[in-house]
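Examining the three-dimensional arrangement
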Amino acid sequence: IEEPQDEIVMIGVGNAPGVFSFDGLLAYMSNGNGVLLRGSTLMPEQLNTGGQLDGRVFKLSPSGDFLLYTRVITPTAGFNNSLWLLSTEPDAEPRELGVENVLWADWNPSRESSMQVAYTTGRAVNQPPGWEANNDLWISTVFANEDFPFNPQRIVEAYPATYGWWGGNFEWSPSGEHIAYAYADEVGIIDLQPANLD
């Protein structure tokens, strides 16, 4: 048996074991909040997302300058969210993009200076899984300057997919010229070249 010793534990001071360094930014979700790491795991920053994240969309832009995310509109309700944009600069304020009930959204990986996003929407229902997909597809340029509006263009109005209430899975091509899609009974590619959008 030994006498207990007084001890002072220091947290958050100095380089603790397990600190990792990396290039660029890393964003992740923790308990419905956004956290940003700038080149190291040492000093996590809480992001001012303005509300509880629902986890459906949480994507850094290709340049790492902005975060695209969805947050809950009414915490007690079922499927209901809205699409937001947040600069990764310190003390940035979130900006609502005016889009609700988003199922999927992502950045065009080929557009760093002139940012572009695509997204799909649904509507809340009382039956599982809690939403019914519109099976649409929208694309819009995102301007860093808030004076320029978010003005999406609908590329697909409503795709007649089997078991379509779930919605599809989508992925940008590295060139940003196509979006691949997958539904329960079909996979394909949407050509986004201007000549094919008329």
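In case you missed it, the structure is sitting above this.
This write-up is about the structure you can find in this document. (Residues numbered from 1 in each chain as written. Predicted model: local features only at pLDDT ≥ 70, side-chain atom pairs only at ≥ 80, totals over all residues. Heavy atoms only, no water.)

Before going further, it helps to spend a moment on the sheet that holds strand S3 (residues 45-46). Reading across from one edge, S1-S2-S3 is the order of the 3 strands in this open sheet, with antiparallel pairing throughout. Whereas interior strands pair on both sides, the edge strands pair on one side only; in this sheet they are strand S1 (21-30) and S3. Pairing analysis gives 7 bridges linking S1 to strand S2 (residues 33-40), with the strands arranged antiparallel. The residue of S2 that forms the bridge with Tyr28 is Val35. (Pairing = 2+ DSSP bridges. Helix = DSSP H or I, 4+ residues; strand = E, 2+ residues; numbered from the N terminus.)

Once that is clear, we can look at the pattern of salt bridges. One pass over the structure, following the stated rule, counts 3 salt bridges. Between Arg38 and Glu45 there is a salt bridge whose closest N-O contact spans 2.6 Å. By relative accessible area, Glu45 is classed as partly exposed at 27%. Two residues, Lys59 and Asp106, come together in a salt bridge whose shortest N-O distance is 3.9 Å. Highlighted residues: Lys59 in strand S4 (residues 53-60) and Asp106 in strand S8 (residues 102-107), separated in sequence by 47 residues. Its relative accessible area of 10% is what places Asp106 among the buried residues. (Salt bridge = Lys/Arg side-chain N within 4 Å of Asp/Glu carboxyl O. Buried < 20%, exposed > 50% of the residue type's maximum accessible area, 1.4 Å probe, protein only.)

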